[in-house]
Amino acid sequence: MRIGILTGGGDCPGLNAVIRAVAKSLLRQCGAQVIGIEDGFVGLMADTPRVRELTWESVSGILMRGGTILGTSNRANPLCSEADTDRVLAHARTLGLQALVVIGGDGSMAIAHGLAQRGLAIVGVPKTIDNDIVGCERSFGFDTAVATVTEAIERLQTTAQSHSRVMIVETMGRYAGWIALEAGLAGAADVILLPEIDFDLDAVAAVCRARERRQRYTIICIGEGAKPRGGERTVQQRIADSPEPIRLGGVAHVLREQLQPRLDSEVRATVLGHVQRGGSPTPFDRVLATQFGNEAAQLIMQGQYNRMVTLHGGRLGHVALADVVHGTRMVPRDHPLLRAARQIGVSLGDTLA
Ligand code: F6P
């Protein structure tokens, strides 16, 4: 049996842990040959496929390493042209791949689903620091991102206190506010602004003004997809040939410009950016990624294709790819963490306190 494996989309702590677990499970349980594809779908779209065999030795010692040993790309979509789709399918046939493990986010799962409909046997593994894949309550990489952002907020706390400033910290997460919400709570932010809840500038300014009089500093944690009521999201870049062409970013600077004239204290903005995606996975993510990789290998050995590994109700499972490719898993308005945040006096920026 020959099984291909690739990592697609933006990188994420824990990718190597999945690669290791898939390869070791297949090598040990059924002696399969595991073929690593380089740079995501790009490696199968090239004239000559870019692949390398993954041996026990080559996947040993990578559990805690950030990034992906295979390389990745979020600018390649083989479904955009018939010629590219055909080339990917032809390479998979020539390489003798019985199935392909696709470790990726919603963009990669949509591509995987398209290829599955054209006859390629796929097993998907959900990957994103954003934690926004439909059907999966926790993706690996999220815990690491939350830990990184929490540490950053803690550092901003002391400098904000020292200078009596308003500090705005912007997190990744696209259209979902999971990172901002959990890291904002863990880092004791005073205001948490999410893409799911449009904020009211007056309400945010009122919190800062009240704190100017008492605590003298404020920490605002804002997800990159957040927007003011009646306003637009802040787009940083458009990348035409990407499965996800809109890149958000910069809302912290926009908010700083809007808040500064309303306040006495200085306002500063910090955009954390890609530090949230880099580095070694937390122990939680190493374990989750190992479980996901092992589960993907089990699905392959059972011949259960065109499914994505999931975590649901704290248990591993799997869902049809067709069920996960549409939509984004956002923070629901009745999520218990939102209620808890309000009850402990954290402003979500939508109501005047
Ligand atoms: O989906 C993961 C993510 O890190 C988002 O949170 C972020 O908006 C985006 O990727 C950034 O993508 P890029 O690395 O292409 O700038």
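Just so it is clear, the model here is predicted, and its values are computed rather than measured.

Rules used in this analysis
Residues numbered from 1 in each chain as written. Predicted model: local features only at pLDDT ≥ 70, side-chain atom pairs only at ≥ 80, totals over all residues. Heavy atoms only, no water. Domains from an automatic or database assignment. Contact = heavy atoms within 4.5 Å. Buried area = accessible area lost by both parts, 1.4 Å probe. Salt bridge = Lys/Arg side-chain N within 4 Å of Asp/Glu carboxyl O. Nonpolar A, V, L, I, M, F, W, Y, C, P; charged D, E, K, R; others polar. Helix = DSSP H or I, 4+ residues; strand = E, 2+ residues; numbered from the N terminus. Buried < 20%, exposed > 50% of the residue type's maximum accessible area, 1.4 Å probe, protein only. Core = buried A, V, L, I, M, F, W, Y, C linked by side-chain atoms within 4.5 Å. Pairing = 2+ DSSP bridges. Right-handed = clockwise from strand over helix to strand, strands pointing away. Phe/Tyr/Trp six-rings, centres within 6.5 Å; stacked < 30°, edge-to-face > 60°. Near = heavy atom within 4 Å. Polar contact = N/O pair within 3.5 Å; in protein donor to acceptor, adjacent residues only side chain to side chain. Areas by Shrake-Rupley, 256 points an atom, 1.4 Å probe, with all protein chains shown as cover.

Q: How should the domain arrangement of the chain be read in this particular structure?
A: Bring the parts together and some accessible area is lost; that lost area is often taken as the interface size. Taken as a whole, the chain is organised into domain 1 (2–140 + 279–323) and domain 2 (146–276 + 332–343). Between the C-alpha centres of domain 1 and domain 2 the distance comes to 33 Å. The interface is formed by 13 residues belonging to domain 1 together with 14 residues belonging to domain 2. Considering only the side of domain 1, the residues that lose the most area to domain 2 are Arg75, Ile129 and Asp130, jointly responsible for 46% of the buried surface there. The interface formed by domain 1 and domain 2 includes four salt bridges. A salt bridge links Asp130 to Arg174, with the nearest nitrogen and oxygen atoms 3.4 Å apart. Here the residues of the side of domain 1 that touches domain 2 are counted per class, giving three nonpolar, five polar and five charged.

Q: I would appreciate a short explanation of the side chain of Ser164 in the present structure.
A: Along the chain, Ser164 falls in the loop between α5 (142–163) and β6 (166–171). Looking at Ser164, the relative accessible area reads 16%, which means it is buried. Ignoring sequence-local partners within four residues, the contact set of Ser164 consists of Arg216, Tyr217 and Ser265.

Q: Help me out: how do you make sense of the nonpolar core in this one?
A: Soluble globular proteins tend to bury their nonpolar side chains together. Counting 91 residues, the largest nonpolar core has Ile5, Ile103, Ile122, Val125 and Phe140 as the members making the most contacts within it. With eight residues, the single largest contributor to this core is α5. For this core, the two domains that each supply at least three residues are domain 1 (2–140 + 279–323) and domain 2 (146–276 + 332–343). With residues up to four places along the chain from it excluded, the contact list for Ile5 reads Ile19, Val22, Val34, Ile35, Gly36, Ile37, Leu54, Leu70, Leu100, Val101 and Ile103. Counting 19 residues, the second largest nonpolar core, distinct from the first, contains Val166, Ile168, Cys208 and Ile222.

Q: What should I look at first to understand the pattern of salt bridges in this one?
A: Pairing is possible between side chains of opposite charge, provided their charged atoms come close. Scanning the model with the defined rule gives 21 salt bridges in all. Here Glu38 makes a salt bridge to Arg50, at a shortest N to O gap of 3.9 Å. On the criterion of sequence distance, the pair formed by Glu38 in the loop between β2 (33–37) and α2 (42–45) and Arg50 in the loop between α2 and β3 (51–54) is long-range, its members being twelve residues apart. The shortest N-O distance in the salt bridge between Glu38 and Arg52 comes to 3.1 Å.

Q: Got a minute to help me understand the pairing of strand β5 (residues 122–126) in this structure?
A: For β5, the buried fraction is high: five of the five residues fall into the buried class. A two-sided burial pattern is seen for β5, the buried positions comprising Ile122, Gly124 and Pro126 on one face and Val123 and Val125 on the other. Where strand β4 (residues 99–104) meets β5, five bridges bridge the pair, whose relative direction is parallel. Among the inter-strand pairings, Gly104 is bridged to a residue of β5, identified as Pro126. Since β4 and β5 lie parallel, the crossover through helix α4 (residues 106–117) that links them has a hand, and here it is right-handed. In terms of strand pairing, β5 meets strand β12 (residues 307–312) through two bridges, oriented parallel. What sits directly across from Gly124, in β12, is Met308.

Q: Help me out: how do you make sense of the packing of aromatic side chains in this one?
A: Both the distance between ring centres and the angle between the ring planes are used here to describe each pair of aromatic rings. Evaluation of the coordinates by the stated rule reveals one aromatic pair. A ring pair is formed by Phe140 and Phe292, whose centres lie 6.3 Å apart and whose planes are at 75 degrees; its orientation type is edge-to-face. Here Phe140 is found in the loop between β5 and α5, whereas its partner Phe292 is found in helix α9 (residues 283–301), with 152 residues between them in sequence. We classify Phe140 as buried; its relative accessible area is 0%.

Q: Where do I start with the site of the ligand in this structure?
A: As a matter of local geometry, the ligand sits amid Asn74, Ile129, Asp130, Met172, Gly173, Arg174, Glu224, Arg247, His274 and Arg277. Residue Asp130 places a side-chain N or O atom 2.6 Å away from an oxygen atom belonging to the ligand. Contacts to the ligand include His274, whose side-chain N or O atom sits 2.8 Å from an oxygen atom. Coverage of the ligand by the protein amounts to 83% of the 400 Å² it exposes when considered alone. Along the lines of polarity and charge, the residues of the shell around the ligand split into two nonpolar, three polar and five charged.

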